[in-house]
Amino acid sequence: MKEQLEAIRKGALEAIGGAQDTAGLESLRVKYLGKKGELTAVLKQMGGLSAELRPVIGQLANEVRASVEKAIEAQSAVVSERALRARLEAEAVDVTIPGKKFPLGHKHPMYAVLDDMKEIFIGMGFEIFDGPEVEQAEYNFTKLNAPEDHPSRDWTDTFYLTEDSSILLRSQTSPMQIRAMETHGVPIRMISAGRVYRKDEVDATHSPMFHQIEGLVVDKGITMADLKGTLNTIIREIYGPNTQTRFRPHHFPFTEPSCEMDIQCHKCGGKGCPTCKGEGWIEILGAGMVHPKVLRNCGIDPEEYPGFAFGMGLERLALGQFKISDMRLIFENDVRFLEQF
Ligand code: DAH
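Please read all numbers here as calculations on a predicted model, not as lab measurements.

**Student:** Pulling in residues and values, what's your account of the overall build of the chain?
**Tutor:** In terms of regular secondary structure, the chain is built from twelve helices and nine strands. Against the compact-globule benchmark of 20 Å for 341 residues, the chain has a radius of gyration of 44 Å, which places it well outside the compact range. Once the C-alpha set of the chain is aligned to its principal axes, its extents read approximately 130 × 45 × 40 Å. Buried residues in the chain amount to 41% of all 341 residues. Across the chain, every contact between residues at least 6 apart in sequence was considered, and the portion connecting residues at least 24 apart equals 65%. Here the chain contributes 40 positively and 49 negatively charged side chains, and the mean placements of these two sets differ by 9 Å.

Quick look at the structure:
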């Protein structure tokens, strides 16, 4: 029996020393020390031993159990240390490897221009209004004093949504003047930017959808001098303090008098070149003193509250500012183009 015990110890210690993981160690513990294990099996035979031998074998059996337990404990430490090291190695982070690039988008150049514009107007005390792109002809034309036979009312020019020509895709942001006066009342300083729609063929300078910025100021004592001062300030903020401007008489149904504002060509300095089509000047917006009829249509007394208004094309501003030659680039959203801004 002594030999049996020694054999168990030898076999157990060897097997334990070679165990590679916790699961292997556990099955060895069951194999040698478990209820049905080898050591237990030997102990069960102890009843047949003589009175002298029993304590001797008993003690040996205890020693064997103790040394097997100790070996399992020691190997368990080795195994888990080894597992930890393997994990650390597998999960090691090499901080010297260059990071992954996450491509980030940025503001579209035209909206960058719009945001600059809004900043400047807000700084001058203007409020920003938003309004519908699906508009009533009443607001897009009638209340803006556009006569029934005005060419822009024609079905060949404007996208109508109903047979009776009462609902349309707005052809200008000017209806926002009416909406702002109706909802806000006077005095008012507002701008409103957004999409407008016209039946135009696509080319380098036209698109059936484009953007406008509309502006309106109505207050006691407003004159043409306020119009010129405000617009000159805005344009010089955007194009630089030395930008030369001029105002030419024009006609719009909703303003009287009306004008267009030009800036001196930044390319040729006014001499005339392909950019300004030989003119030396580039037209950038329409403006004027709000027509008394328009004010009256909104319940405002033009004698007490005169006003001025203006409207400009946002794409054209962006084209000028970034020296882009074709408006289609603004809408195509080719990243090779957009990435340049
Ligand atoms: N709505 C005009 C257009 O689309 C632009 C315009 C001209 C707006 C004069 C105005 C203005 O407010 O006073 O051509």
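Continuing now.
**Student:** For the sheet that holds strand β5 (residues 209–218), give the residues involved together with the corresponding values.
**Tutor:** The sheet built from seven strands is open, its strands ordered β1-β4-β5-β9-β8-β7-β6 with mixed pairing. Unpaired on one side and paired on the other, β1 (127–128) and β6 (245–252) mark the two borders of the sheet. Alignment of β1 against strand β4 (residues 188–197), held across two bridges, turns out to be parallel. Bridging across to β4, I128 finds its partner in I191. Together, β1, β4, β5 and β9 (307–313) form the strand contacts of helix α7 (residues 175–184), whose direction differs from that of β4 by roughly 140°. With respect to the sheet, helix α8 (residues 224–239) is in contact with β6, β7 (255–264), β8 (281–290) and β9, its orientation differing from that of β7 by roughly 25°.

**Student:** Go over the site of the ligand, please, and point to the residues and values.
**Tutor:** By nearness alone, 15 residues border the ligand, and Q172, Q177, R198, Q212 and E214 come closest of all. Here an oxygen atom of the ligand sits 3.2 Å away from a polar atom, N or O, in the main chain of A309. Elements supplying a minimum of two residues to the shell around the ligand: β5, β8 and β9. Of the residues assigned to the shell around the ligand, the class counts are five nonpolar, eight polar and two charged.

**Student:** I'd like to hear about the packing of helix α2 (residues 22–33) against helix α4 (residues 53–90), residue by residue, with values.
**Tutor:** Between α2 and α4, whose axes approach to 10 Å, the crossing angle comes to 175°. One way to sum up the angle between α2 and α4 is to call them roughly antiparallel. Where α2 abuts α4, its residues T22, L25, R29, Y32 and L33 lie against R65, V68, E69, I72, Q75, S76 and V79. Across the contact of α2 with α4, the residue classes break down as six nonpolar, three polar and three charged.

**Student:** Before we move on, can you summarise the packing of helix α5 (residues 109–123) against α8 with the specific residues and values?
**Tutor:** Contact geometry for α5 and α8: axes closest at 11 Å, N-to-C directions at 140°. Relative to α8, α5 is oriented oblique. Taken as a pair, α5 and α8 cross one another with a handedness that is right-handed. On the side of α5, the interface is formed by M117, I120 and F121, while α8 contributes I234, E237 and I238. Looking at the contact of α5 with α8 residue by residue, the class counts come to five nonpolar, no polar and one charged.

**Student:** Which residues make up a negative patch on the surface, and what values go with them?
**Tutor:** On the surface, D154, D157, D200, E201 and D203 cluster together into a patch of negative charge. Residue placement: E201 occurs in the loop between β4 and β5. We classify E201 as exposed; its relative accessible area is 70%.

**Student:** I'd like a description of the environment of E304, backed by residues and values.
**Tutor:** Checked against the element boundaries, E304 lands in the loop between α9 (292–297) and β9. Under the relative-accessibility criterion, E304 is labelled partly exposed at 39%.

**Student:** Any chance you could break down the pattern of salt bridges for me, citing the residues and the numbers?
**Tutor:** Applying the stated rule across the entire model yields 19 salt bridges. Salt-bridge contacts for K31 lead to E38; the nearest nitrogen and oxygen are separated by 3.9 Å. Residue R153 pairs with E148 through a salt bridge whose shortest N-O separation is 3.9 Å. On the basis of relative accessible area, R153 is assigned to the buried category, the value being 11%. You can call E148 exposed: its relative accessible area is 65%.

Cut-offs used in this document
Residue positions are given per chain, counting from 1 as you read along its sequence in written order. Per-residue local features are limited, in this predicted model, to residues with pLDDT of at least 70; the limit for side-chain atom pairs, both in listing and counting, is 80 or more; totals at the level of whole chains, interfaces and linings are taken over all residues. The side-chain quantities take in all heavy atoms of the structure and omit both hydrogens and water. Here a helix means four or more residues in a row that DSSP labels H or I, a strand means two or more in a row labelled E, and each is numbered from the N terminus. Atoms considered for the radius of gyration are the C-alpha atoms alone. The globule rule reads 2.2 Å times the number of residues to the power 0.38. Here's how the labels work: a residue is buried when its accessible area is under 20% of the maximum for its type, exposed when over 50%, partly exposed in between, all with a 1.4 Å probe on protein chains only. We call two residues in contact when some of their heavy atoms are within 4.5 Å. Think of it this way: Lys and Arg go in the positive column, Asp and Glu in the negative one, and His and the chain ends go nowhere. Charge positions come from single atoms, namely NZ of Lys, CZ of Arg, CG of Asp or CD of Glu. Note on pairing: DSSP must find at least two bridges between two strands before they are called paired. Between N-to-C directions, angles span 0 to 180 degrees; the directions come from axes that are lines fitted to C-alpha atoms, helices contributing only their stretch in contact. Any residue with at least one heavy atom within 4 Å of a molecule or strand is counted as near it. Throughout this description, a polar contact denotes any pair of N or O atoms lying within 3.5 Å of each other; where both atoms belong to protein, one of them has to be capable of donating a hydrogen while the other can accept it, and for residues adjacent in sequence the pair is counted only when both atoms sit in side chains. Each residue gets one label: Ala, Val, Leu, Ile, Met, Phe, Trp, Tyr, Cys and Pro are nonpolar, Asp, Glu, Lys and Arg are charged, and the others, such as Gly, are polar. Oblique is the label for every angle not falling under 35 degrees (roughly parallel), over 145 degrees (roughly antiparallel), or within 65 to 115 degrees (roughly perpendicular). Two helices that cross are described as forming a left-handed crossing if the nearer one is turned anticlockwise from the farther one by less than a right angle, and a right-handed crossing if clockwise. The patches described consist of residues with a relative accessible area above 30% and no salt bridge, like charges being joined within 9 Å and nonpolar side chains (Val, Leu, Ile, Met, Phe, Trp, Tyr) within 5 Å. The protein chains shown are the only cover counted for residues, whose accessible areas, like all others here, come from Shrake-Rupley with a 1.4 Å probe. Note on definitions: salt bridges are taken to be side-chain nitrogens of Lys or Arg within 4 Å of carboxyl oxygens of Asp or Glu.

The quantities given are spatial measurements derived from coordinates; they are silent on function.
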